[in-house]
Amino acid sequence: QDLVKYLYEEASTALANVIGPTKITSNGIETPLGVITLTQIEKGESILKSLYDNLRLQTERITHKIDQLQSLSNEFYTTIPHSIGRSRVSIQEAIIDDLESISKKEELLQLMRDLLHLAVETSGSRLSEIDMKYAALKCKITHLKESSEEFVKIWNYVIN
């Protein structure tokens, strides 16, 4: 139970670090800038796809490309509010202008989708909250013998 709680809290904290304080309900992810719904997440994914396609295209006019990336980034942040600051530097750094940034945003949207699905599934469910969080992990957690190769591998990974 402690491991499941820890994993859920890590996911929630990661989300809060990017978009600010949140509360996850069956209605959506409540943020200071409004509620983010599954529809918005899907729109955000579509915008990221456009950004990806734009980055992959070789354009002759680099300024047009930069303007397009900035416009799509603005659209993304309008759809999926983030806590990015108001200084010119912060705004410039927030432009989604490389494949790594797109990948990070895709991971964020997947996390949001998973947390929303969990909230919807738990509303009206007879399972305990911890059981629903465990189900949301979509994996099976089993005990490992300390002498097993898997245990040693995981132990070394955690320690190092």
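Parameters and conventions
Residues numbered from 1 in each chain as written. Predicted model: local features only at pLDDT ≥ 70, side-chain atom pairs only at ≥ 80, totals over all residues. Heavy atoms only, no water. Helix = DSSP H or I, 4+ residues; strand = E, 2+ residues; numbered from the N terminus. Expected span 1.5 Å × (residues − 1). Buried < 20%, exposed > 50% of the residue type's maximum accessible area, 1.4 Å probe, protein only. pLDDT = per-residue confidence, 0-100. Contact = heavy atoms within 4.5 Å. Polar contact = N/O pair within 3.5 Å; in protein donor to acceptor, adjacent residues only side chain to side chain. Pairing = 2+ DSSP bridges. Axes fitted to C-alpha atoms, helices over the stretch in contact; angles between N-to-C directions. Parallel < 35°, antiparallel > 145°, perpendicular 65-115°, else oblique. Left-handed = near helix turned anticlockwise from the far one by under 90°. Nonpolar A, V, L, I, M, F, W, Y, C, P; charged D, E, K, R; others polar. Salt bridge = Lys/Arg side-chain N within 4 Å of Asp/Glu carboxyl O.

### Description of helix H5 (residues 99–122)
Between the first and last C-alpha of H5 there are 35 Å, a value that for 24 residues agrees with the 34 Å anticipated at 1.5 Å per step. Those residues of H5 that sit buried are Ile-102, Lys-105, Leu-108, Leu-109, Leu-111, Met-112, Arg-113, Leu-115, Leu-116, Leu-118 and Ala-119. Downstream of H5 by one or two residues, Gly-124 has phi in the positive range, about 80°.

### A word on the confidence of the model for the chain
Mean pLDDT over the chain stands at 84; residues scoring 70 or higher make up 96%. Here helix H6 (residues 129–137) is the element of the chain with the lowest mean pLDDT, 76, and helix H2 (residues 38–56) is the one with the highest, 90.

### Focus on the environment of Thr-31
You can see Thr-31 is positioned in strand S2 (residues 28–31). Sequence separation between Thr-31 and Thr-13 is 18 residues; the distance between their C-alpha atoms is 13 Å. In this structure Thr-31 touches Ile-19, Pro-21, Thr-22 and Ile-36, once residues within four positions along its chain are discounted. Within polar-contact distance, the side chain of Thr-31 engages the backbone oxygen of Gly-34 at 2.7 Å.

### Description of the sheet that holds strand S1 (residues 23–25)
Ordered by their spatial adjacency, three strands build an open sheet running S1-S2-S3, and the pairing between neighbours is antiparallel. Two strands lie at the open edges of the sheet, namely S1 and strand S3 (34–36), each paired on one side alone. Strand-to-strand twist of the sheet, defined as the mean angle between neighbouring strand axes without regard to direction, takes the value 30°. In terms of strand pairing, S2 meets S3 through three bridges, oriented antiparallel. Of the residues in S3, the one forming a bridge with Ile-29 is Ile-36. Running at roughly 55° to S1, H5 makes contact with S1, S2 and S3 of the sheet.

### Looking at the packing of helix H1 (residues 2–19) against H6
Running from N to C, H1 and H6 point in directions that differ by 65°, and their axes come no closer than 9 Å. By the angle between their directions, the pair H1 and H6 is classed as roughly perpendicular. Where H1 crosses over H6, the two elements pack in a sense that is left-handed. Taking contact as the criterion, the partners of Val-4, Lys-5, Leu-7 and Tyr-8 in H1 are, on H6, Ile-130, Lys-133, Tyr-134 and Leu-137. Here the contact of H1 with H6 is composed, by residue class, of six nonpolar, no polar and two charged.

### Remarks on the pattern of salt bridges
Oppositely charged side chains can form a pair if their charged atoms are brought close together. One pass over the full model with this rule turns up four salt bridges. Two residues, Lys-49 and Asp-53, come together in a salt bridge whose shortest N-O distance is 2.9 Å. Within this pair, Lys-49 and its partner Asp-53 are both found in helix H2, separated by four residues, close to a single helical turn. By relative accessible area, Lys-49 is classed as partly exposed at 48%. A relative accessible area of 30% places Asp-53 in the partly exposed class. Lys-104 is paired through a salt bridge with Glu-100; the nearest N and O atoms lie 3.4 Å apart. Separated by four residues within a single helix, Lys-104 and Glu-100 lie in helix H5, roughly one turn from each other. Lys-104 sits in the exposed class, given a relative accessible area of 51%. Salt bridges linked by common partners bring Glu-42, Glu-45 and Arg-113 together as one network.

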